[in-house]
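Residues per chain, in single letters:
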Amino acid sequence: MNHPATLVELDRSICEQLEVLERSSPGILRRLVDSFLSRRSHILGEAERHLRTPDLQALRMVAHSLKGSSASLGATVLAARAGEIERGAIRGDIATCERLLADLPALYAGAECALRAWVDR
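The following paragraphs examine the structure supplied in this document. (Residues numbered from 1 in each chain as written. Predicted model: local features only at pLDDT ≥ 70, side-chain atom pairs only at ≥ 80, totals over all residues. Heavy atoms only, no water.)

### Thoughts on the overall build of the chain
So, step 1. Secondary structure assignment for the chain yields seven helices and zero strands.
So, step 2. Mapped from its N terminus to its C terminus, the chain presents α and β elements in the order α-α-α-α-α-α-α.
So, step 3. What you see for the chain is a C-alpha radius of gyration of 15 Å, in line with the 14 Å of a compact globule of 121 residues.
So, step 4. Intrachain contacts of the chain at a sequence separation of at least 6 include 69% that bridge at least 24 residues.
So, step 5. For the chain, the exposed area adds up to about 6,600 Å²; of that, 54% sits on carbon and sulfur atoms. (Helix = DSSP H or I, 4+ residues; strand = E, 2+ residues; numbered from the N terminus. Rg over C-alpha atoms; globule rule 2.2 N^0.38 Å. Contact = heavy atoms within 4.5 Å. Areas by Shrake-Rupley, 256 points an atom, 1.4 Å probe, with all protein chains shown as cover.)

Below, the structure written as structure tokens:
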């Protein structure tokens, strides 16, 4: 089976929109990606902490934030997983949230690889 990090592709339509923004504000794309990736440890740590507490409202907010930020950069696989976690937290389904969070680091790593490859091309 493939590791999730090898399966991540970015949403081309979002990338194209961001490339238009980059042409009008050179360097903005790298700054956005760097900012998103710099929060990785914090986001993953907060999600795990809120699951262990459990504070499902706080977990929902972390997942919602990750869903939006990853979707805005075209990392739709990561955004979809964050959305699943958000919905699990809303339902109060700790077991589902725990299962979904287990793959989150690998999906985040996959998004990082895809984003770095795109920005560094």
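### What to know about the packing of aromatic side chains
So, step 1. Across all of its chains, the model carries one aromatic pair by this definition.
So, step 2. For the pair Phe36 and Tyr108, a centre-to-centre distance of 5.3 Å together with 20 degrees between the ring planes defines the contact as stacked. Placement of the pair is Phe36 in helix 2 (residues 28–38) and Tyr108 in helix 7 (residues 104–120), with a sequence separation of 72 residues. (Phe/Tyr/Trp six-rings, centres within 6.5 Å; stacked < 30°, edge-to-face > 60°.)

### Here we look at the packing of helix 3 (residues 40–52) against helix 7
So, step 1. Across the interface, helix 3 lies against helix 7 with an axial gap of 11 Å and an inter-helix angle of 160 degrees. The angle between the axes of helix 3 and helix 7 places the two elements in the roughly antiparallel class. Considering only the axes of helix 3 and helix 7, their crossing is right-handed. Together, Arg40, Ile43 and Leu44 of helix 3 and Leu104, Pro105, Tyr108, Ala109 and Glu112 of helix 7 make up the contact between the two elements.
So, step 2. Broken down by class, the residue content of the contact of helix 3 with helix 7 amounts to six nonpolar, no polar and two charged. (Axes fitted to C-alpha atoms, helices over the stretch in contact; angles between N-to-C directions. Parallel < 35°, antiparallel > 145°, perpendicular 65-115°, else oblique. Left-handed = near helix turned anticlockwise from the far one by under 90°. Nonpolar A, V, L, I, M, F, W, Y, C, P; charged D, E, K, R; others polar.)

Everything listed is a geometric property; what it means functionally is a separate question.
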